[in-house]
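Reading the structure
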Amino acid sequence: WAVDRGITAGMAAGTFAPDISCTRAQMVTFLWRAAGSPAAVSEISPFADVPEDAYYYDAVSWAAEQGITGGQEPVFFARGQTVTFLYRAAGSPVVSGNRVFADVSEDAYYAGAVAWAVDEGITNGVGDNVFRPETNCTRAQIVTFLYREAN
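A brief structural summary. Since this is a predicted model, take the numbers as computed values, not measurements. (Residues numbered from 1 in each chain as written. Predicted model: local features only at pLDDT ≥ 70, side-chain atom pairs only at ≥ 80, totals over all residues. Heavy atoms only, no water.)

1. Description of the state of the cysteines
What makes a disulfide is a covalent bond joining the sulfur atoms belonging to two cysteines. Here the structure, examined in full by the defined rule, presents 0 disulfides. Cys-22 takes part in no disulfide bond, and the closest cysteine sulfur, belonging to Cys-137, lies 7.6 Å away. Its relative accessible area of 0% is what places Cys-22 among the buried residues. (Disulfide = S-S within 2.5 Å. Buried < 20%, exposed > 50% of the residue type's maximum accessible area, 1.4 Å probe, protein only.)

In structure tokens, the structure reads:
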């Protein structure tokens, strides 16, 4: 599905590397491509560490303009960040679900996004009533989240 829609071409040598932690650049690029690779209004990235010749430059510029990201320190994408980006890209809709995981506090910045993702069938956590919001997301998990959100 992701290859057919141009969201990813995989890694080198015809592999996808599903169990590798997804970087922030990869996640934003996947999301941007899933949205149709829209052009950013500004031609200047708001982040000093995003060079103009980086493959993810346009994606990051677009995501920043859309309010999807404001930048972050971690290199890899955690599950809480991932559903927050998806939630923001969907327009931050009103959340009707009350699904609470033992490891997602009500005041966490991603709590509404997690509830939305459960409501939308994007995720049900990892079992045992936990979501593991600080765990790195793999490439396979992010593509699965995008697929579930699109369908």
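After presenting the structure, the write-up continues.
2. Some thoughts on the environment of Ser-92
Inspection of the secondary structure puts Ser-92 in the loop between helix 3 (79-89) and helix 4 (111-119). Considering only alpha carbons, one finds Ser-92 and Gly-112, 20 residues apart in sequence, at a separation of 8.8 Å. (Helix = DSSP H or I, 4+ residues; strand = E, 2+ residues; numbered from the N terminus.)

3. Details of the environment of Phe-131
Tracing the backbone through its elements, the reader meets Phe-131 in the loop between helix 4 and helix 5 (139-150). Remark: the alpha-carbon pair of Phe-131 and Val-114, spanning 17 residues in sequence, is separated by 8.5 Å. Once residues lying within four places of it in the same chain are set aside, the contact partners of Phe-131 are Arg-79, Gly-80, Val-83, Phe-101, Asp-103, Val-104, Val-114, Thr-123, Gly-125 and Val-126. (Contact = heavy atoms within 4.5 Å.)

4. Re the nonpolar core
Generally speaking, soluble globular proteins have nonpolar side chains that are buried together. Formed by 40 residues in total, the largest nonpolar core has its most connected members in Met-27, Phe-30, Leu-31, Val-83, Leu-86, Ile-142 and Leu-146. Elements with a minimum of two residues in this core: helix 1 (24-34), helix 2 (57-65), helix 3, helix 4 and helix 5. (Core = buried A, V, L, I, M, F, W, Y, C linked by side-chain atoms within 4.5 Å.)

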